[in-house]
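One letter stands for each residue in the lines below.
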Amino acid sequence: MLALIWLIFAVWPAGLEDVIGRKKVFLNAFFNGITLGGLYFLVASGFTLIFGLMRNVNMAHGSLYLLGGYVGFFVSEWTGWWLLAFPVAFVVVGALGVVMQLVVFRPIQGQDLRQTLVTIGLSIVIADLMLWGFGGDFYNIQAPSWLGGPMATFFVTAVKPSGDAVYLSYPLVRVVIFAASVVAGIGIWLLLNRTRIGMVIRAGVDDGEILEAMGVRLQIVFVAVFAFGAGLAGLAGVVGGTFQSLAPGEDIRFLLGSLVVVIVGGMGSIPGAAIGALIIGLSEQFGSVYFPTYAVVVTFIIMAVVLAFRPQGLLGRA
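The rules we used
Residues numbered from 1 in each chain as written. Predicted model: local features only at pLDDT ≥ 70, side-chain atom pairs only at ≥ 80, totals over all residues. Heavy atoms only, no water. Patch = residues over 30% accessible without salt bridge, like charges linked within 9 Å, V, L, I, M, F, W, Y side chains within 5 Å. Areas by Shrake-Rupley, 256 points an atom, 1.4 Å probe, with all protein chains shown as cover. Salt bridge = Lys/Arg side-chain N within 4 Å of Asp/Glu carboxyl O. Helix = DSSP H or I, 4+ residues; strand = E, 2+ residues; numbered from the N terminus. Buried < 20%, exposed > 50% of the residue type's maximum accessible area, 1.4 Å probe, protein only. pLDDT = per-residue confidence, 0-100. Core = buried A, V, L, I, M, F, W, Y, C linked by side-chain atoms within 4.5 Å. Axes fitted to C-alpha atoms, helices over the stretch in contact; angles between N-to-C directions. Parallel < 35°, antiparallel > 145°, perpendicular 65-115°, else oblique. Left-handed = near helix turned anticlockwise from the far one by under 90°. Contact = heavy atoms within 4.5 Å. Pairing = 2+ DSSP bridges. 1 Å grid on protein atoms, 1.4 Å probe; cavity = no way out; pocket = protein on both sides within 12 Å on 5 of 7 lines; lining within 4 Å. Points joined across faces, edges and corners; volume = space filled by probe spheres on them. Nonpolar A, V, L, I, M, F, W, Y, C, P; charged D, E, K, R; others polar. Expected span 1.5 Å × (residues − 1). Arc of directions from axis to C-beta.

*Asks:* What is the right way to read a nonpolar patch on the surface from this model?
*Replies:* Taken together, the side chains of Val25, Val289, Tyr290, Phe291, Tyr294, Val297, Ile301, Val305 and Phe309 present a nonpolar region at the surface, about 860 Å² in accessible area. For the nonpolar patch, the secondary-structure elements that each account for two or more residues are α12 (270-290) and α13 (295-309). Per-element accounting of the nonpolar patch gives the leading share, 4 residues, to α13. Structurally, tyrosine 290 is set in helix α12. With relative accessibility at 30%, the residue tyrosine 290 sits in the partly exposed group.

*Asks:* Would you mind showing me how to read the confidence of the model for the protein here?
*Replies:* Model confidence for the protein is summarised by a mean pLDDT of 86, while 94% of its residues fall at 70 or above. Helix α9 (residues 208-213) is the least confidently modelled element of the protein, averaging 65 in pLDDT, while helix α4 (residues 61-79) averages 94, the highest of any element.

*Asks:* Honestly, the nonpolar core in this entry has me stumped. Any pointers?
*Replies:* Nonpolar side chains tend to gather and get buried jointly when the protein is soluble and globular. If you look at the biggest cluster of nonpolar residues, it comprises 61 residues, and the most contacted ones within it are Leu39, Tyr40, Tyr65, Val239, Leu246 and Val261. Per-element accounting of this core gives the leading share, 12 residues, to helix α10 (residues 218-243). Counting 15 residues, the second-largest nonpolar core is a separate cluster that includes Leu7, Phe26, Phe31 and Ile34.

*Asks:* Is there a simple way to explain the packing of α4 against helix α11 (residues 250-265) in this structure?
*Replies:* The axes of two packed helices give the description: the angle between them and the distance between them. Contact geometry of α4 with α11 gives a least axis separation of 7 Å together with a crossing angle of 130°. On the basis of the axis angle, α4 is oblique to α11. Seen from above, α4 lies across α11 with right-handed handedness. Contact with α4, carried on its side by His61, Gly62, Ser63, Tyr65 and Leu66, involves Glu250, Asp251, Phe254, Leu255 and Ser258 of α11 and no other residues of that element.

*Asks:* Which parts of the structure should I look at to understand the pairing of strand β1 (residues 150-159)?
*Replies:* Within a regular strand, side chains alternate between the sheet's two faces. Relative to strand β2 (residues 165-171), β1 is paired through 6 bridges, and the arrangement is antiparallel. Bridge assignment links alanine 152 to a residue of β2, and that residue is serine 169. Joining the antiparallel neighbours β1 and β2 is a turn of 5 residues, in which glycine 163 adopts a positive phi near 95°.

*Asks:* Explanation requested: the layout of surface pockets in the structure shown.
*Replies:* Rolled over the atoms, a probe with the dimensions of a water molecule shows which regions are left empty. Within this model, the second largest pocket holds a volume of roughly 260 Å³. In terms of lining residues, the second largest pocket is bounded by 15 residues, among which Leu42, Phe86, Ala180, Ala184 and Leu235 are the most central. Counting residues per element, the ones that place at least two in the lining of the second largest pocket are α5 (82-105), α7 (172-194) and α10. Tallied by class, residues from the lining of the second largest pocket come to 14 nonpolar, 1 polar and no charged.

*Asks:* So what exactly am I meant to see when it comes to α13 here?
*Replies:* Since there are 3.6 residues in each turn of an α-helix, residues three or four apart along the chain are aligned in direction. Helix length check: α13, at 15 residues, gives a terminal C-alpha distance of 22 Å against a target of 21 Å (1.5 Å per residue), a fit within 8%. All buried positions along α13 are accounted for by Ala295, Val298, Thr299, Met303 and Val306. Along the axis of α13, the buried positions cluster into a sector of 135°, meaning they face one direction only. Every exposed residue of α13 that faces more than 90 degrees away from the buried side is listed here: Val296 and Ala308. In this structure, the buried residues of α13 make contact with α11 and α12.

If you want it as structure tokens, here you go:
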């Protein structure tokens, strides 16, 4: 950790770039990993609410992400308001989540294998419908002009022969989106751990029968949580479409990413999802820069190591 901090903030001595490469490339990989981790967290936080807290195995979660991205793209294009895409995608995908919870999950509650098989089939159907409706083109959601361009930072990438420092510039939109993901993460954690609603959700998972005997309508709570988790996936789709792209296949990518993040961080843990998302985001970006041939393998090596030494995840409950 100290070595990483030194690599980020220090002026690299002569010869180090011959070993690692240019510091600008290193810093870009680091910050790209951090911001990608923020995106993974937004997707995985909804997944960990549905899978980790409610024990609903939703293998169509990646489809909800991609659908939210498409909805956000067309809302942004038709209205010209980038910010409007977020609440619309959240509401539309959240409404689909309500339908899924009532029609798909409630009849087979507690049957993990059947939930897995049914939602895999559902994800294939949704993917085909999106391919039919939106085609196989790549879509990119345009951020507003006030978020365009680079942002000056205080990180030194090189020193000129004159002695003047060269500072890193980084896209402002990525910084803003990462900050928003941090705020969202804190808000979700406070909701689950510092409010009566969060107490009801956690109690309903641990001992639903007692909670229902106390007069709490647990099924309504579960529908609301499922809708919220699905809405987070839709909102993350708008984020992903803004600084990456939307295309067929992104649903599978982010479903696998969410699974790995939840496994590494621990099921049902929002702080665990945040840590897992940062680890996976950084490993993907550094892997793609320094050993692109084996970049995908690194992610699964991390998952295997965590499972070997801490099967419940870094912050999961035993």
